[in-house]
Amino acid sequence: MTALVDCNSFYASCERVFRPDLKDRPVVVLSNNDGCIVAMSREAKELNLPRGAPLFKVQKLLDQAGAVVFSSNYTLYGDLSRRIMEILESFTPHLEVYSIDEAFLELRGSLEELEDQACTIRDRVFSWVGIPVSVGIGETKTLAKIASHRAKKNAGNICIPTPSQWPDILKETDVKEIWGIGRQYGQKLHSKEIHTAADLILQEDSWVKKNMTLVGLKTLWELRGKPSFTLEETPPPKQGIMSSRSFSFPVTEMEDIMEAGADYASRAAEKLRAQNSACRVIHCSVMTNPFRESDRQYARGMTEQLSFPLSYTPSIVSVVHRQLEKLYRPGFRYKKIAVFLSEIEPAREGQLDLFYKKDSRNDAVMEAVDRINNRYGRHSLHCMPLRPGSRWQMKRERLSPLYTTSWKDLPVVRCGAPLLKQRGPG
DNA sequence: TCTGGGGTCCTAGGACCC
DNA sequence: TCTGGGGTCCTAGGACCC
């Protein structure tokens, strides 16, 4: 059977782990640049804010409700996620880490045994990491997803339907809630009077294939109980690597654009090397803020095909700089630039250019740079002077401490007075 | 004033080959 | 005047996911 373990309101729950005072209070977490709401605790969801609402539009409502607002702290969420996945690994040899807050597990046993395992998973994650999770179990990934949705609404956060319960559950599941069916397909299905999962499984394969492509057909089979999406235990290397950020302020100067370009290109190159890859194509783009309709708008990208694969940061940065020099037009208020690396291949297998003599010392330099930056922080060594507090850098005004990854943010536990007396000073 | 940042897969259609 | 039948590769666009 396939189990989906899904963290409840993951980012909001992470913020609560070291802040027990936030229990029962609405907690929301913002996107980069403190822009939109990307996560809400249960109490915050009850305020009925529109999904993805920009903070400034709902600030008043949040204040009235006494909500606590955080900037995204991906370092914290990533570290807690890693700890959770480590726990889940101990329950099965077959685990797919599907996203930062979800994993599929292959489990075996009778329904009672499965329920036992699900409870142990839930309790262990909560007591060892402090994050509440839901567990849904079904014969396929798609069914496990449906079960986990229902688990979120159960008191115990666990849902393992028996074969006789499934037909009713499918009748109660709107097609739009099915994994793999989004807004477009959802609307299309509704317009054809296909409203629930139970309606969908009665459709002809050929009709579904024609209207929803092969992916839709596999979803249909999964709903009928035939596994069609396999567990991906080792994530395949990325085929494209994107690094892009909005600026906290409108940027007008080329100097700032170049600085951001070097930073984003370095970040992309780091990700590339982390999976032992090199890229053959570099794409770079700039854009103004489309929400400011009074501003003159400008958006353009540029693609360069390289004659040999690259992963060396200084080379990638210089390509990006060359592109940005051509893309930049004075007189615009820029909001965002992006660097995208594609045609990615394993680093050492690439077909070389006849005239390119690879300098193997570059690899050694990058390995050392990556090690140093991993250990001492991202910008310890970088390619171009980065002025601390540059105007364009991301806004994160409500960032919580790095409780688990930074010595200076480590929480301090104070023992009670009686204990100190017993033990003496110090 | 303030509106995120990543990814995947599939298909149709055009250009080209013999 | 009549104008086939097979392929491949690439790209743009559209759907989806977190």
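Calculation criteria
Starting from 1, residues in each chain are numbered consecutively following that chain's sequence as written. To label them, take the chains in the order written and letter them from A, then take the ligands in the order written and number them from 1. Totals for whole chains, interfaces and linings use every residue, but because this is a predicted model, local features are given only for residues with pLDDT of at least 70 and side-chain atom pairs only at 80 or more, for both listing and counting. Side-chain figures throughout are based on the complete set of non-hydrogen atoms in the structure, without hydrogens or water. UniProt positions are given in the numbering used here, feature names are shortened, and annotations may be inferred rather than shown by experiment. The buried label applies to any residue whose accessible area, calculated with a 1.4 Å probe on protein chains only, is under 20% of its type's maximum; exposed applies above 50%, and partly exposed to all values in between. Only DSSP runs of H or I covering at least 4 residues are called helices, and only runs of E covering at least 2 are called strands; the numbering of each starts at the N terminus. Should any heavy atoms of two residues lie within 4.5 Å, those residues are counted as being in contact. Strand pairing follows a simple DSSP-based rule, namely that at least 2 bridges must link the two strands. Axis geometry follows a simple rule: fit a line to the C-alpha atoms, using only the stretch in contact for helices, then measure angles between N-to-C directions, giving values from 0 to 180 degrees. Any carboxyl oxygen of Asp or Glu that lies within 4 Å of a side-chain nitrogen of Lys or Arg is treated as forming a salt bridge with it. By convention, a stacked pair of Phe, Tyr or Trp rings (six-membered ring in the case of Trp) has centres within 6.5 Å and planes under 30 degrees apart, an edge-to-face pair has planes over 60 apart, and any other such pair is tilted. To sit over a ring, a charge needs its Lys NZ or Arg CZ within 6 Å of the ring centre and within 35 degrees of the ring normal.

- The name that an unreviewed UniProt entry assigns to chain A is Y-family DNA polymerase, with the source organism given as Oceanispirochaeta crateris.
- Quoted verbatim from the Sequence similarities (unreviewed entry) heading of the UniProt record, the comment on chain A is "Belongs to the DNA polymerase type-Y family."

## Comments concerning helix α1 (residues 10–17)
No. 1: Burial analysis of α1 places 6 of its 8 residues in the buried class, which makes it a mostly covered element.
No. 2: Taken as a whole, α1 has its buried residues at Phe-10, Tyr-11, Ala-12, Ser-13, Cys-14 and Glu-15.
No. 3: Looking at the buried positions of α1, the neighbouring elements they touch are β1 (2–7), β2 (27–30), β3 (37–40), β4 (68–70) and α4 (74–89).

## Thoughts on the UniProt feature "domain: UmuC" (unreviewed entry) in chain A
No. 1: In the numbering used here, UniProt assigns the "domain: UmuC" (unreviewed entry) feature to residues 2–182.
No. 2: In residues 2–182, the share of helix is 43% and the share of strand is 19%. The end C-alpha atoms are 22 Å apart.

## Things to note about the sheet that holds strand β10 (residues 277–288)
No. 1: Taken in spatial order, the 4 strands line up as β9-β12-β10-β11 in an open sheet, and their pairing is antiparallel. Two strands in the sheet have a free side with no partner beyond their single neighbour: β9 (241–251) and β11 (299–310). Going across the sheet, the axis of each strand differs from the next one's by a mean of 15°, ignoring polarity.

## A closer look at the pattern of salt bridges
No. 1: Taken as a whole and judged by the stated rule, the model has 26 salt bridges.
No. 2: Across the pair Glu-43 and Arg-42 runs a salt bridge whose closest N-O atoms are separated by 3.3 Å.
No. 3: With a closest N to O distance of 3.5 Å, Asp-263 and Arg-267 form a salt bridge. One end of the pair, Asp-263, and the other, Arg-267, are both in helix α11 (residues 254–274), 4 residues apart, so they sit about a helical turn from each other.
No. 4: Of the residues examined, Asp-263 reaches a relative accessible area of 7% and is grouped as buried.

## Quick notes on the packing of aromatic side chains
No. 1: Evaluation of the coordinates by the stated rule reveals 15 aromatic pairs.
No. 2: With centroids separated by 5.6 Å and ring planes inclined at 45°, the aromatic side chains of Phe-104 and Trp-179 adopt a geometry described as tilted. One end of the pair, Phe-104, is in strand β6 (residues 102–106); the other, Trp-179, is in the loop between α7 (166–172) and α8 (183–191), with 75 residues separating them in the sequence. Both residues of the pair, Phe-104 and Trp-179, belong to the buried class.
No. 3: Taken together, the ring pairs in this structure connect Phe-10, Tyr-11, Tyr-74 and Tyr-77 into an aromatic cluster.
No. 4: Above the plane of the ring of Phe-104 lies Lys-141, whose end atom (NZ or CZ) is 4.8 Å from the centre.
No. 5: Above the plane of the ring of Trp-221 lies Lys-226, whose end atom (NZ or CZ) is 4.0 Å from the centre.

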